[in-house]
Protein chains: 2
Amino acid sequence: MKRTRPLKRRPKRSEPKHREPEAVDPRSIDDDPVVQGILTAISQKRLKPGAKLGEDKLASAFGTTRIHIRQALSHLASRKVVMQIPNRGAFVYRPSWEEAQDIFAARRIIETATVSAAIDRLDKAGKAELKAHMEREARHDRNDRWASLSLTAEFHILVAKLAGNRVLLEMSRELMLRTSLAIATFEQPGEPDCSPDAHPDIGALILARDRAGAIHAMRHHIEEMEQRIRPKEGEDEVDELTAIFQEIGARVRAGG
Amino acid sequence: MKRTRPLKRRPKRSEPKHREPEAVDPRSIDDDPVVQGILTAISQKRLKPGAKLGEDKLASAFGTTRIHIRQALSHLASRKVVMQIPNRGAFVYRPSWEEAQDIFAARRIIETATVSAAIDRLDKAGKAELKAHMEREARHDRNDRWASLSLTAEFHILVAKLAGNRVLLEMSRELMLRTSLAIATFEQPGEPDCSPDAHPDIGALILARDRAGAIHAMRHHIEEMEQRIRPKEGEDEVDELTAIFQEIGARVRAGG
DNA sequence: GCGCCAAAGATTGGCGCCAATTTATCGCCT
DNA sequence: AGGCGATAAATTGGCGCCAATCTTTGGCGC
């Protein structure tokens with residue numbers, strides 16, 4: 001039923017009372033499918049550092065609008081996963097050699113502390129999770145490169161979860177992503193990211209509550225990863241060559 | 001001079017060559033004045049957790065357009081400094097009690113490691129910087145609340161800088177901001193954030209290259225800060241009251 | 001008097017269009 | 001034949017408008 005009498009015109013609204021932001025579904029942009037897609041593409045190394053992320057292409061690829069892509073890209077830029085250059089566009093982030101070393105150093109610090117905290121808080125459920133993961137990692141298909149990468153990441157994330165500190169968990173997530181970028185930028189092609197035997201060792205030491213041993217194993221594991229990358233000496237030259245080869249390849253594929 | 005002959009119409013452009021994003025001024029959004037303004041306002045506690053950050057108001061306050069504000073707010077939301085709720089707006093982030101504890105735990109881990117690294121890398125220039133800061137902190141006006149807060153933050157940032165790891169430096173920056181939010185949310189009103197004598201002690205121990213002592217002092221310093229906050233039991237009630245008092249205060253200041 | 005309902009106001013979200021800049025291509029000159 | 005400048009295409013950046021949603025507020029019934 002409609003109102004029988006129109007409201008009077010009010011001169012001006014009073015100062016709005018401040019309502020606290022109550023618990024109302026703070027769904028963050030991390031759950032965004034575009035962000036997730038780009039993130040998994042990067043961690044699976046299907047997007048290489050320096051790759052152009054055109055807005056229109058991403059929009060049509062993900063079936064959304066350009067404005068949505070822009071939000072996702074600027075979010076990823078805030079996380080230093082993509083680099084945005086004004087009027088040029090967004091590219092997959094390429095860390096410098098110094099930054100790559102800093103990332104590994106940060107991981108040494110945070111993940112050793114994480115291992116220690118995980119041992120402190122280890123309970124029945126945690127042991128079960130850890131065992132389950134170790135089994136999955138033991139009998140996975142080593143030829144499936146993407147599955148290997150996913151499992152390797154999940155192990156470190158699991159340890160961070162067991163530590164029970166969400167802030168450290170988020171930091172570990174960020175550092176693992178940036179580690180992927182560092183490795184992709186500076187690796188000698190063809191080598192795996194992690195040595196395949198490191199994770200079972202660390203897991204066993206955590207289950208045995210051997211704090212010093214687990215910390216040492218984790219530190220050694222990260223140092224092993226770090227020693228697998230090398231600075232690119234004639235970086236400009238190499239880049240130019242690869243750029244030329246890419247160009248030639250593109251031309252050949254285009255049938256020109 | 002104009003062209004004498006018009007160009008032929010080309011059927012379609014070939015696949016664009018991939019240009020690497022060379023060193024071209026990657027000026028990030030961190031330098032944005034809006035971001036900087038909100039950040040300093042938060043670290044100076046002029047913006048309290050839960051405060052509404054309306055887009056129009058910020059736009060007129062900073063003298064820019066709304067789209068610019070949106071970019072800044074979503075960037076700050078990515079850094080968990082503001083919380084964005086769909087169709088409700090942006091608010092200064094209010095960490096939960098568990099998150100506040102996690103933040104302090106993360107700082108214990110990162111800043112103790114940072115102190116250790118700073119001692120390792122300490123050189124003439126670093127000593128000079130540290131001494132200069134300690135002098136400034138020794139003879140600053142203790143009644144100037146904003147200056148105190150700035151100096152307190154600068155000390156921790158300086159230690160992180162001396163460690164020579166930019167990734168850890170960024171993490172320390174983030175954690176200090178979130179510490180401000182945690183303290184602002186859970187502090188008993190009126191107490192200072194840092195005990196005033198802690199920083200000179202830590203600085204002196206770093207200068208003396210007393211690693212164990214400096215690490216212990218830093219850990220103790222952070223634990224002291226942590227023990228200054230208490231979970232809010234009747235949270236709703238307190239929040240409502242403070243909101244009322246804030247409103248009344250604003251009206252009085254506005255001369256209403 | 002107290003609580004529910006509906007409308008107006010205010011705020012955010014999103015889409016389309018256009019300007020600004022970059023990138024690629026072509027013709028010309030040396 | 002190859003470098004150089006001009007031009008078109010493509011891409012990004014930004015502004016304005018309008019729909020969607022939330023908040024406030026007054027009216028109405030109990």
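Quantities reported herein were computed from a predicted structural model and do not represent experimental measurements.

Peer 1: Break down the overall build of chain A for me, citing the residues and quoting the values.
Peer 2: Scanning chain A for helices and strands turns up 10 helices and 3 strands. Taken from the N to the C terminus, the helices and strands of chain A come in the order α-β-α-α-β-β-α-α-α-α-α-α-α. Evaluated residue by residue, chain A yields a buried proportion of 41% over its 256 residues. The contacts of chain A with a sequence gap of at least 6 include a subset with a gap of at least 24, amounting to 74%. Carbon and sulfur atoms make up 51% of the accessible area of chain A, which totals about 15300 Å².

Peer 1: Explain the pairing of strand E3 (residues 89-92) of chain A residue by residue, including any values.
Peer 2: Residues and elements named next belong to chain A. Bridge count for strand E1 (residues 52-53) against E3 is 2 bridges, and the pairing is antiparallel. Residue pairing for E3: Lys 52 is matched across the bridge by Phe 91. Across 4 bridges, the pairing between strand E2 (residues 82-85) and E3 is antiparallel. Within E3, the position partnered with Ile 85 by the bridge is Gly 89. Where E2 folds back onto E3 in an antiparallel hairpin, the turn is made up of 3 residues, including Asn 87, whose phi is positive at roughly 65°.

Peer 1: Any chance you could break down the pattern of salt bridges for me, citing the residues and the numbers?
Peer 2: Residue and element names in this part refer to chain A. Counted according to the given criterion, the structure contains 22 salt bridges over all chains. With a shortest N-O distance of 2.7 Å, Arg 108 and Glu 226 are connected by a salt bridge. You can see Arg 108 sitting in helix H4 (residues 97-121) and its partner Glu 226 sitting in helix H9 (residues 211-226), a full 118 residues away along the chain.

Peer 1: Could you give an account of a positive patch on the surface, naming the residues involved and the relevant values?
Peer 2: Residues and elements named next belong to chain B. Together, Lys 124, Lys 127, Lys 131 and Arg 209 line one region of the surface with positive charge. Note that Lys 127 resides in helix H5 (residues 124-138). With a relative accessible area of 31%, Lys 127 lands in the partly exposed category.

Peer 1: Run through unusual backbone geometry, naming residues and quoting values.
Peer 2: Residue and element names in this part refer to chain B. Unusually for a residue other than glycine, Lys 45 sits at a positive phi of about 60°. Relative to the assigned elements, Lys 45 resides in the loop between helix H1 (33-43) and strand E1 (52-53). Phi at Asn 87 takes a positive value of approximately 65°, unusual for a residue other than glycine. We classify Asn 87 as exposed; its relative accessible area is 86%.

Peer 1: Could you give an account of the sheet that holds E1 of chain A, with specific residues and numbers?
Peer 2: Hydrogen bonds along the backbone pair up the strands of a sheet, which may run parallel or antiparallel. All names here are of chain A. The strand order across the open sheet built from 3 strands is E1-E3-E2, with neighbouring strands paired in antiparallel fashion. Two strands close off the open sheet at either side, each with one partner strand: E1 and E2. Across the sheet, helix H3 (residues 66-78) touches E1, E2 and E3, and the angle it forms with E2 is around 110°.

Peer 1: Which residues make up helix H3 (residues 66-78) of chain B, and what are the values?
Peer 2: All names here are of chain B. A rise of 1.5 Å per residue sets the reference length of H3, with its 13 residues, at 18 Å; its end C-alpha atoms lie 18 Å apart and thus fit the reference within 8%. Among all positions of H3, only Ile 69, Ala 72, Leu 73, His 75, Leu 76 and Ala 77 are buried. In the stretch just after H3, Lys 80 is the one whose phi turns positive, near 60°.

Peer 1: Could you give me a rundown of the sheet that holds strand E3 (residues 89-92) of chain B, with the residues and numbers involved?
Peer 2: Residues and elements named next belong to chain B. The strand order E1-E3-E2 describes an open sheet built from 3 strands, whose pairing is antiparallel. Unpaired on one side and paired on the other, E1 and strand E2 (82-85) mark the two borders of the sheet. Each of E1, E2 and E3 touches H3; the most contacted strand, E2, lies at about 110° to it.

Peer 1: Go over the confidence of the model for chain A, please, and point to the residues and values.
Peer 2: Residues and elements named next belong to chain A. Predicted confidence across chain A gives a mean pLDDT of 83, with 77% of residues reaching 70 or more. Taken element by element, the predicted model of chain A shows its lowest mean pLDDT in helix H10 (residues 235-253) (43) and its highest in H4 (97). Of the regions scoring below 50 in pLDDT, residues 1-14 engages in 0 contacts with residues more than four places distant in sequence or in other chains. Counted against residues more than four places away or in other chains, residues 234-256, with its pLDDT under 50, gives 5 contacts.

Rules used in this analysis
Residues numbered from 1 in each chain as written. Chains lettered and ligands numbered in written order. Predicted model: local features only at pLDDT ≥ 70, side-chain atom pairs only at ≥ 80, totals over all residues. Heavy atoms only, no water. Helix = DSSP H or I, 4+ residues; strand = E, 2+ residues; numbered from the N terminus. Buried < 20%, exposed > 50% of the residue type's maximum accessible area, 1.4 Å probe, protein only. Contact = heavy atoms within 4.5 Å. Areas by Shrake-Rupley, 256 points an atom, 1.4 Å probe, with all protein chains shown as cover. Pairing = 2+ DSSP bridges. Salt bridge = Lys/Arg side-chain N within 4 Å of Asp/Glu carboxyl O. Patch = residues over 30% accessible without salt bridge, like charges linked within 9 Å, V, L, I, M, F, W, Y side chains within 5 Å. Lys, Arg positive; Asp, Glu negative; His and termini not counted. Charge placed at Lys NZ, Arg CZ, Asp CG, Glu CD. Axes fitted to C-alpha atoms, helices over the stretch in contact; angles between N-to-C directions. Expected span 1.5 Å × (residues − 1). pLDDT = per-residue confidence, 0-100.

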